[in-house]
Amino acid sequence: MEIGISTFVETTPDPETGELKSHAERLREVVEEIVLADRVGLDVFGVGEHHRADYAASSPAILLAAAASQTFNIRLTSAVTVLSSADPVRVFQDFATLDGISNGRAEIMAGRGSFIESFPLFGQDLSDYNELFNEKLDLLLKLRDSEVVSWDGKHRPSIDRRGIYPRPVQEPLPVWIGSGGNPESVVRAGKLGLPLVLAIIGGRPTQFAPLVQLYKRAAAAAGHDLSKLKIASHSHGFVGETTRGAADAFFPSTQYAMNVIGKERGWAPYDREAFDDARSLEGALYVGDPDYVAKKIIKLRKEVGITRFLLHVPVGSMPHDEVMSAIRLLGAEVAPRVREAIAEWETES
């Protein structure tokens, strides 16, 4: 069971003081967070790509590379790379470079993106949303599998027997498929035999169990070895010394961020009642003391089949020291509890 952190490197105003961190300050903080996550034994750190004022990381590979030379074991991944609006050649080269710097710890999490800002920025038409992803994923996998590539497509100039460099340390460079729960995305990942990341950020996590089974059926039908497939969850949360203290610390920034996005997308206002319901044992928020968060992750593994858990923290802007404390508790106290319980459960079963 792999456990790690993901972040969108948000730069929203502090919900209590109104203070707004610069992009530069938040980027430097995230490097410190990655270094700490490595030091406390977490397995992976993911950085999401966005192209708007309230998110600082438009280039996850560069940010991860800044931490690569200061870390030793932790895997470094995008979360996600918006492949539909990107050039797969540049994506592959960036992450192959990261793989070299980190000596084989880079990963790409490819997704279509739930935000649309990158499409007009890079001259892509939203009406081609699905077609763009399918075509660019095809090219990315060809770049991964062959040093010299020939390729023809509709949305990017053709490539005629061109070498793609640098080559990564890992063969192959891991490519995950990120999905918000779309069955089509899940089936695509299964058919290709690629690891799957589910954004479990609302509702009940157990509702995702049928999608995991759909993924496995698609993979089996395509002839892939199910024992080698990995399934991850990307879920919001925060670890504190006490469950009440964790909830009180995490709610203000979460409410602010969710209401900003909710206003854009027509969601109902996010209030404390919704927050408290989501952090119940059956909910999708992993907020509490180490025992409680560990209990929820173990439940997710047993009932849904997740093999990697990414705690997304912070949501909105929180004090850096509080984020560092949550990372420290996740690595030092939550992860050992989860790994021990899962190892015991698997031995018994």
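Heads up: the structure comes first, above all this text.
What counts and what doesn't
Positions within a chain are numbered from 1, following the residues in the order the chain's sequence is written. The predicted nature of this model means local features are confined to residues of pLDDT at least 70 and side-chain atom pairs, given and counted, to a pLDDT of 80 or more, with totals for whole chains, interfaces and linings taken over all residues. Note: side-chain values were computed over all heavy atoms of the structure, leaving out hydrogens and water. Only one rule defines a salt bridge in this text: a Lys or Arg side-chain nitrogen within 4 Å of an Asp or Glu carboxyl oxygen. Only DSSP runs of H or I covering at least 4 residues are called helices, and only runs of E covering at least 2 are called strands; the numbering of each starts at the N terminus. Burial classification: accessible surface area is computed with a 1.4 Å probe over protein chains only, and a residue below 20% of its type maximum counts as buried, one above 50% as exposed, and the rest as partly exposed. Centres within 6.5 Å are what make two rings of Phe, Tyr or Trp a pair, Trp counting through its six-membered ring; a difference in plane orientation under 30 degrees is then read as stacked, over 60 as edge-to-face, and the rest as tilted. Geometrically, a charge over a ring is one whose NZ (Lys) or CZ (Arg) sits within 6 Å of the ring centre while staying within 35 degrees of the ring normal. Interaxial angles span 0 to 180 degrees and are taken between N-to-C directions of axes, which are lines fitted to C-alpha atoms, for helices over the stretch in contact. For classification purposes, angles smaller than 35 degrees are called roughly parallel, those larger than 145 roughly antiparallel, those between 65 and 115 roughly perpendicular, and all remaining angles oblique. Whether a crossing is left-handed or right-handed is set by the direction in which the near helix is turned from the far one by less than a right angle, anticlockwise for left-handed and clockwise for right-handed. Only heavy atoms enter the contact rule, under which two residues are in contact if any of them lie within 4.5 Å. Amino acids are sorted into nonpolar (Ala, Val, Leu, Ile, Met, Phe, Trp, Tyr, Cys and Pro), charged (Asp, Glu, Lys and Arg) and polar (every other residue, Gly among them).

## Focus: the pattern of salt bridges
Pairs can form between side chains of opposite charge whenever their charged atoms are close.
Thinking step 1. Under the defined criterion, the tally for this structure stands at 27 salt bridges.
Thinking step 2. Note that K154 and E131 form a salt bridge whose closest N and O atoms lie 3.2 Å from each other. Remark: E131 occurs in helix α5 (residues 129–145) and K154 occurs in the loop between β6 (148–151) and β7 (159–163); sequence separation between them is 23 residues.
Thinking step 3. Judged by its relative accessible area of 61%, K154 falls in the exposed class.
Thinking step 4. Take E131: its relative accessible area is 36%, and that puts it in the partly exposed class.

## Points about the packing of aromatic side chains
Thinking step 1. Evaluated as defined, the whole model comprises seven aromatic pairs.
Thinking step 2. Here a set of aromatic residues connected by ring pairs shows up, and it is made of F238, F250, F251 and F275.
Thinking step 3. We note R265 situated over the ring of F115; from NZ or CZ to the ring centre the distance is 4.6 Å.
Thinking step 4. The ring centre of Y286 lies 4.7 Å from the NZ or CZ of K296, which sits over that ring.

## A look at the environment of G18
Thinking step 1. Along the chain, G18 turns up in the loop between β1 (2–7) and α1 (23–39).
Thinking step 2. As for G18 and R272, which are separated by 254 residues in sequence, their C-alpha atoms are 20 Å apart.

## Observations concerning the packing of helix α3 (residues 88–102) against α5
Thinking step 1. Closest axis-to-axis distance for the α3/α5 pair is 9 Å, and the angle between their directions is 40 degrees. Between α3 and α5, the angle falls in the class oblique. Helix-helix and strand crossings are classified by hand; for α3 and α5 the assignment is right-handed. Contacts between α3 and α5 pair P88, V89, V91 and F92 from the former with K136, L139, L140, L143 and R144 from the latter.
Thinking step 2. Tallied by class, residues from the contact of α3 with α5 come to seven nonpolar, no polar and two charged.

## Notes on the environment of V148
Thinking step 1. Within the secondary structure, V148 is located in strand β6.
Thinking step 2. When the C-alpha positions of V148 and A67 are compared, they lie 30 Å apart, and in sequence the two are 81 residues distant.
Thinking step 3. The contacts of V148, once residues within four sequence positions are left out, are R161, R162 and G163.

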